[in-house]
Amino acid sequence: MTNEILLERAEGVLTIAFNRPDKKNAITSAMYQAMTDALAQAHDDPGVRAIVIRGSAGVFSAGNDLDDFMKAPPTGEHAPVLQFLRSISTAQKPLVASVAGVAVGIGTTLLLHCDLVYAADSATFSLPFTQLALCPEAASSLLLPRIAGYALAAEKLLLGEAFDAHEAHRMGIVNRLLPAQDVDAFAFAQAAKLAALPASSLRVTKMLMRRAGEQEVAERIEEEVAHFGKMLLAPEAREAMTAFFQKRKPDFRQFD
Ligand code: COA
């Protein structure tokens, strides 16, 4: 068990909260495992009728822990990050995200698997996969062009630059923007509203909306992971991550 993921139950809502603020809620293998276990328990527990995923004060998540990426690259079939992606992308109960601050990498792509996303108007988002010499994950290469259109998806996924909450809202990955101090309470209230509705009706409605893309999403997650795993072991990614910790710009000119 890790205390870097906090679980709380109230009013039929399970809240899964990142709790590693000193590292901007960067997600380690143990944290992915804890979230996967929580989603599995929520699936089996009729008392959980909606799920909230949130960060800590003013921070959603800085994405995958880069130190973990370097020391224990998640390349295997049973890698906790892959288990997490499989479970969040197939969750049957409604998922509500509360993004009170920075959301990087999987901190942004996991939102594509949530049903309702609320964000602080000061939140920032980024998909810096190419900057890290990696490629998209979480089926974002499929879902982002579908949600935001190719032009915007290409800009965000090829350049990897951060974008603000207003742009995320216009792109369709965020439902509503709120003052930072109100986001968690609003997201919880929306989840509590869902929890008071008939679970069977929510389940069928979500299933009908998601079914058409289900197979494609599952296949794309695996396809991306196959590329991602190889790229993670390549010297370009090592250089990018070493540069991050050395607080310098990476130098990709040494590679073909
Ligand atoms: N993995 C591991 N450690 C991370 C991290 C990550 N993804 N993101 C942040 N941290 C650590 C920093 O190394 C720093 O640790 P230190 O205090 O021991 O030096 C601490 O968290 C605070 O981060 P810092 O960069 O000082 O905060 P900031 O407010 O200036 O910037 C971010 C926040 C999220 C924009 C920036 O940390 C960042 O770009 N992180 C990397 C994001 C990333 O590339 N994620 C992977 C995507 S696939």
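Provided above is the structure to which this section pertains.
Below: a short report on this structure. (Residues numbered from 1 in each chain as written. Predicted model: local features only at pLDDT ≥ 70, side-chain atom pairs only at ≥ 80, totals over all residues. Heavy atoms only, no water.)

## Considerations on the overall build of the protein chain
Right, on to step 1. Within the protein chain one finds 10 helices and 10 strands.
Right, on to step 2. In summary, the protein chain has a C-alpha radius of gyration of 17 Å against a globular reference of 18 Å for 256 residues, a match within 12%.
Right, on to step 3. Projecting the C-alpha coordinates of the protein chain onto the three principal axes gives extents of approximately 60 × 40 × 35 Å.
Right, on to step 4. Expressed as a percentage of contacts within the protein chain between residues at least 6 apart in sequence, the contacts between residues at least 24 apart total 71%.
Right, on to step 5. Carbon together with sulfur atoms contributes 56% to the accessible area of the protein chain, which is approximately 12300 Å² in total.
Right, on to step 6. Here the protein chain contributes 25 positively and 30 negatively charged side chains, and the mean placements of these two sets differ by 2 Å. (Helix = DSSP H or I, 4+ residues; strand = E, 2+ residues; numbered from the N terminus. Rg over C-alpha atoms; globule rule 2.2 N^0.38 Å. Contact = heavy atoms within 4.5 Å. Areas by Shrake-Rupley, 256 points an atom, 1.4 Å probe, with all protein chains shown as cover. Lys, Arg positive; Asp, Glu negative; His and termini not counted. Charge placed at Lys NZ, Arg CZ, Asp CG, Glu CD.)

## Overview of the pattern of salt bridges
Pairs can form between side chains of opposite charge once their charged atoms are near each other.
Right, on to step 1. Per the stated rule, a full pass over the model turns up 14 salt bridges.
Right, on to step 2. One salt bridge connects Arg20 with Glu4, and the closest N-O pair in it is separated by 3.8 Å. Linking Arg20 in the loop between strand 2 (13–18) and helix 1 (29–44) with Glu4 in the segment before strand 1 (5–10), this pair joins segments that are 16 residues apart in sequence. (Salt bridge = Lys/Arg side-chain N within 4 Å of Asp/Glu carboxyl O.)

## Brief notes about helix 6 (residues 150–159)
Right, on to step 1. Where helix 6 is concerned, the buried positions are Ala153, Ala154, Lys156 and Leu157.
Right, on to step 2. The inward-facing, buried residues of helix 6 contact helix 5 (140–148), strand 9 (163–164) and helix 7 (165–171).
Right, on to step 3. One or two residues past the end of helix 6 sits Gly160, with phi positive at roughly 75°. (Buried < 20%, exposed > 50% of the residue type's maximum accessible area, 1.4 Å probe, protein only.)

## A word on the sheet that holds strand 8 (residues 124–126)
Right, on to step 1. In space, the four strands of this open sheet follow the order 4-6-8-9, with mixed pairing throughout. Edge strands, defined here as strands with exactly one partner in the open sheet, are strand 4 (59–61) and strand 9. (Pairing = 2+ DSSP bridges.)

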